[in-house]
Amino acid sequence: MDTLFTLATLAAAIRLAVPVAMAALGEVIAERSGVLNLGLEGTMLFGALAGYLGTTATGTPWLGLGSGLLAGTACGVVLALLMVVARADQIVTGLAFTLFAISATTYLFELSYTIGEPPPRIPSIDMLELVVIVIVVLAAVWFLLARTSVGLVLSAAGDAPGAVDALGYRVTNVRGAATVAGNALAGLAGAMLVCGPLGLFVQNVTAGRGWVALALVVFARWRPGRAVAGALLFGLCDALQLRLQGTATAIPYEIFLALPYLVTLVALMVRAKRSATPAALAVPFVRGRS
Amino acid sequence: MAVTDREAGVRGPDRLVGRLLGGRDGRSRAARVAVPVLAVLGALVVGGVLMALEGVAPLSAYGEVVSGVLGRTRGLADTAVVATPLILLALGITVAYRARVFTIGAEGQYVTGALAGTALATVGPLSGLPGPLLVIVALLAAVLAGAALAALTGWLQDRFGASVVITSLLLNYVAAAALAWAVRVGIRDPGSFTPQSRAVGAAGLPTLPGTGLHLGFLFALIAVPVLAVVLRRTRFGLRVEVLGANPDVLAVNEARPAAVRLAVLIVAGSLAGFAGFVEVAGVTDRLTPAFATGYGFTAIIVALLGRLRPLGVLVAALLLAGLSVGFDEAERAFIIPSSTVGVIQALIVVFFVAGEALSRRKGR
């Protein structure tokens, strides 16, 4: 097995971990404020498409990243209006949004190129720069949550929204802002996926990475650093899978297709304590009811 | 994650899931019907605008959709055939979501059921059984396989506190990998150049005389009233409602919430597995890598749109199936991207969710 852990495999692991890490960081923000955003996968898809279209339109992948961030923000506004302002069921809304995103991105992508010609590839951003972005965002999210009063209010909105309300903060505004911010990062994550080494968009390009990010947030007990570490673990499995697919082994390669998801499942089993869960996660806040 | 427990515990019994997602919630019957109807109309209008932007006259396209379903002898039968797996899958989702057990694993359980049934019917010692017996045994295997996969997610939540939402979704990818392996190696038809299973042959479902429908549609039709009675008139049905409303109440009344959750998941998984082999035996005849077409996800839309009621599920499934079949026809006459119907279906559920939240907010 020692030949598996080559430098190339490790580089691939980091490459595959980057979008998942970014999405997980976004979800940490949303969930800490009490919003369970199952629309994460959908927002990533919209971000990925925006990143692709933004890059094909401008020729600059950095503007593609910006488009992804904007698309994510827009998704965040829609989801915040539904989940936080209108207090629709968060689980049902998130699911519905992701289902919508799968169809809508496919549709918009089909419109974006002429049938018969292959969709154009886009120039890619260097891996190192994307890693730097992840590290910067990780530091910012950690600082926000652990070292600022904004972060305290945000976490309190997820643990004791009644207390936050009594202190004179608007729970709806706090949660709405966290939802928008979290989805903005998820949109950026999608754009990083296509504007990175991949360099193209395909139908359902995220392939469940948003769901993996959701699982990682639980695994990480809502801590940003651990979420990124979890993403690296996922990236490593994914990289091994790609590496082993290319080599002739007696093991069927489909096992490695399933491996990243199986490892995520096992990671969920390792986490035994429940105490870190934000107490009011997925519970809509109605003043005077809690 | 244990979201469901805590959430329901806070909400209290005055917000039964039946009221949450379509029961007596203080709104008039007209209001309860209006939201889904308006959601469908709104989605059709947006779909029309999209088609108009592409230079297709929406009314003539929709005319083609309608005549594609009602204007052909095959149209209605095709609709019923497409609706069959949707009905079975959505009924399972209905039971689960009523209990606020939000599984997204129907797709994986559907694939696993199809895989188990096909494996049993095409290879191995039992594949020589006479036709009707083989169908029954294969369906049984499909039910068990789907139920086992669903039960696994229930166990993971009970034992490790891992949310069913996430584990069921992750297992979909595992099931997809299993399907890919099975048709490439495991139960591959050795005489075929491309990866696919043998035809199920004698285990195929008979066609209902004079209709062009396979027997599976009848199963789905029977399942609707059966499930309605189970939910409304049995102890299990009551427990499903109470689990959805407040698991603590359930615990006081001598039933362990985890056990009821497991039972709910097993019912959902059984129906999904059943649907999987019904689709093989009634429609595709063999398994290919392209077998999983996302019915398990569309069925979530069907269940929500049907307001988590069996009869509503039937109506919603026929509606969405009709849209698919109709658009297939319309695409022959007009240049419409094949994903248009998916957008319209997804818009229906988005509008429905938003409308539900808004109308309940006003009613407060």
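Source: prediction; values computed, not measured. (Residues numbered from 1 in each chain as written. Chains lettered and ligands numbered in written order. Predicted model: local features only at pLDDT ≥ 70, side-chain atom pairs only at ≥ 80, totals over all residues. Heavy atoms only, no water.)

### Topic: the overall build of chain A
- Within chain A, the secondary structure is distributed over eleven helices and zero strands.
- Helices and strands in chain A line up, N terminus first, as α-α-α-α-α-α-α-α-α-α-α.
- Taking 290 residues into account, the globule formula puts the C-alpha radius of gyration at 19 Å, and chain A, at 19 Å, falls close to it.
- When each of the 290 residues of chain A is scored for burial, the buried share is 57%.
- Considering only intrachain contacts with a sequence separation of at least 6, the fraction spanning at least 24 residues in chain A is 83%.
- Total accessible area on chain A stands at roughly 11200 Å², and carbon and sulfur atoms take up 69% of it.
- For chain A, the separation between the mean place of its 17 positive charges and that of its 13 negative charges on side chains is 14 Å. (Helix = DSSP H or I, 4+ residues; strand = E, 2+ residues; numbered from the N terminus. Rg over C-alpha atoms; globule rule 2.2 N^0.38 Å. Buried < 20%, exposed > 50% of the residue type's maximum accessible area, 1.4 Å probe, protein only. Contact = heavy atoms within 4.5 Å. Areas by Shrake-Rupley, 256 points an atom, 1.4 Å probe, with all protein chains shown as cover. Lys, Arg positive; Asp, Glu negative; His and termini not counted. Charge placed at Lys NZ, Arg CZ, Asp CG, Glu CD.)

### Here's the deal with unusual backbone geometry
All names here are of chain A.
- Although it is not a glycine, arginine 221 adopts a positive phi angle of roughly 50°.
- On the secondary structure map, arginine 221 appears in the loop between helix H9 (209-219) and helix H10 (224-246).
- Residue arginine 221 is classed as partly exposed on the basis of its relative accessible area of 29%.
- One non-glycine residue, tryptophan 222, lies in the positive phi region at around 60°.
- On the secondary structure map, tryptophan 222 appears in the loop between H9 and H10.
- Assessed through its relative accessible area of 1%, tryptophan 222 is described here as buried.

### Some points on the interface of chain A and chain B
- At the interface, 51 residues of chain A touch 54 residues of chain B.
- A combined buried area of about 4500 Å² lies between chain A and chain B, and 74% of that area is made up of carbon and sulfur atoms.
- The tally of links from chain A across to chain B stands at two salt bridges.
- At the junction of chain A and chain B, the tally comes to six residue pairs in polar contact (both at pLDDT 80 or more).
- Of all elements in the fold, only helix H3 (61-85), helix H4 (90-112), H9 and helix H11 (254-270) of chain A reach the threshold of two or more residues within the side of chain A that touches chain B.
- Here the element with the most residues in the side of chain A that touches chain B is H4(A); it accounts for 13 residues.
- Classifying every residue of the side of chain A that touches chain B gives 38 nonpolar, six polar and seven charged. (Buried area = accessible area lost by both parts, 1.4 Å probe. Salt bridge = Lys/Arg side-chain N within 4 Å of Asp/Glu carboxyl O. Polar contact = N/O pair within 3.5 Å; in protein donor to acceptor, adjacent residues only side chain to side chain. Nonpolar A, V, L, I, M, F, W, Y, C, P; charged D, E, K, R; others polar.)

### With respect to the packing of aromatic side chains
Residues and elements named next belong to chain A.
- Evaluated as defined, the whole model comprises 13 aromatic pairs over all chains.
- Residues tyrosine 52 and phenylalanine 109 carry aromatic rings whose centres are separated by 5.8 Å and whose planes lie at 75° to one another, so their mutual orientation is edge-to-face. Separated by 57 residues along the polypeptide, tyrosine 52 in helix H2 (residues 40-58) and phenylalanine 109 in helix H4 bring together distant segments of the chain.
- Here tyrosine 52 and phenylalanine 201 contribute two aromatic rings whose centre-to-centre distance is 6.2 Å and whose plane-to-plane angle is 40°, an arrangement assigned as tilted. (Phe/Tyr/Trp six-rings, centres within 6.5 Å; stacked < 30°, edge-to-face > 60°.)

### So, the packing of helix H5 (residues 127-147) of chain A against helix H6 (residues 149-159) of chain A
Residue and element names in this part refer to chain A.
- Relative orientation of the contacting elements H5 and H6 amounts to 75°, with a least axis distance of 5 Å. Here H6 runs roughly perpendicular to H5, going by the angle between their axes. Across from Leu144, Leu145 and Arg147 in H5, the residues of H6 making contact are Ser149, Val150, Gly151, Leu152, Leu154 and Ser155.
- By residue class, the composition of the contact of H5 with H6 is five nonpolar, three polar and one charged. (Axes fitted to C-alpha atoms, helices over the stretch in contact; angles between N-to-C directions. Parallel < 35°, antiparallel > 145°, perpendicular 65-115°, else oblique.)

### Description of the state of the cysteines
- All chains considered together, the criterion is met by zero disulfides over all chains.
- Unpaired in this structure, Cys75(A) has its nearest cysteine sulfur neighbour in Cys195(A), at a distance of 15 Å. (Disulfide = S-S within 2.5 Å.)

### Quick notes on a positive patch on the surface
- On the surface, Arg29(B), Arg232(B), Arg233(B) and Arg309(B) cluster together to form a positively charged patch.
- Arg29(B) sits in the exposed class, given a relative accessible area of 63%. (Patch = residues over 30% accessible without salt bridge, like charges linked within 9 Å, V, L, I, M, F, W, Y side chains within 5 Å.)

### Remarks on the packing of helix H1 (residues 7-32) of chain A against H9(A)
Residues and elements named next belong to chain A.
- Between H1 and H9, whose axes approach to 8 Å, the crossing angle comes to 55°. Here H9 runs oblique to H1, going by the angle between their axes. Crossing angle aside, the handedness with which H1 passes H9 is right-handed. Between H1 and H9, the residues in contact are Leu16, Val20, Ala23, Ala24, Glu27, Val28 and Glu31 and Arg209, Val212, Ala213, Leu214, Leu216 and Val217, respectively.
- Here the residues of the contact of H1 with H9 are counted per class, giving ten nonpolar, no polar and three charged. (Left-handed = near helix turned anticlockwise from the far one by under 90°.)

### Some details on the confidence of the model for chain B
All names here are of chain B.
- Residue-level pLDDT values for chain B average 87, and 91% of them are 70 or greater.
- A low-confidence stretch, residues 1-24 (pLDDT under 50), is modelled with 77 contacts involving residues beyond four sequence positions or located in other chains.
- Scoring the predicted complex yields pTM 0.87 and, for the interface, ipTM 0.83. (pLDDT = per-residue confidence, 0-100.)

### Description of the pattern of salt bridges
Residue and element names in this part refer to chain B.
- Under the definition given, this model contains eleven salt bridges over all chains.
- Note that arginine 74 and aspartate 78 form a salt bridge whose closest N and O atoms lie 2.8 Å from each other. Highlighted residues: arginine 74 and aspartate 78, both in helix H5 (residues 73-98), separated by four residues, approximately one helical turn.
- The class for aspartate 78 is partly exposed, based on a relative accessible area of 22%.
- With its nearest N and O atoms 3.4 Å apart, the salt bridge here joins aspartate 189 to arginine 286. Within this pair, whereas aspartate 189 is found in the loop between helix H8 (164-186) and strand S1 (207-208), its partner arginine 286 is found in the loop between helix H12 (257-284) and helix H13 (295-305), the two being separated by 97 residues in sequence.
- The buried category is assigned to aspartate 189, whose relative accessible area is 17%.
- A network of salt bridges, in which partner residues are shared, links Arg72, Arg74, Asp78, Glu329 and Arg332.

### Topic: the side chain of Ser33(A)
- Considering the arrangement of structural elements, one finds Ser33(A) in the loop between H1 and H2.
- Setting aside its immediate chain neighbours within four residues, Ser33(A) contacts Leu154(A), Ala157(A), Gly158(A), Arg175(A) and Ala178(A).

### Focus on the environment of Thr56(A)
All names here are of chain A.
- Note that threonine 56 resides in helix H2.
- When its relative accessible area of 35% is taken as the criterion, threonine 56 is described as partly exposed.
- Along the backbone, threonine 56 and leucine 10 are 46 residues apart, and their C-alpha atoms lie at a distance of 30 Å.
- Beyond its immediate sequence surroundings of up to four residues, threonine 56 is in contact with Pro120 and Ile122.
- A distance of 2.9 Å separates a polar side-chain atom of threonine 56 from the backbone oxygen of leucine 53.

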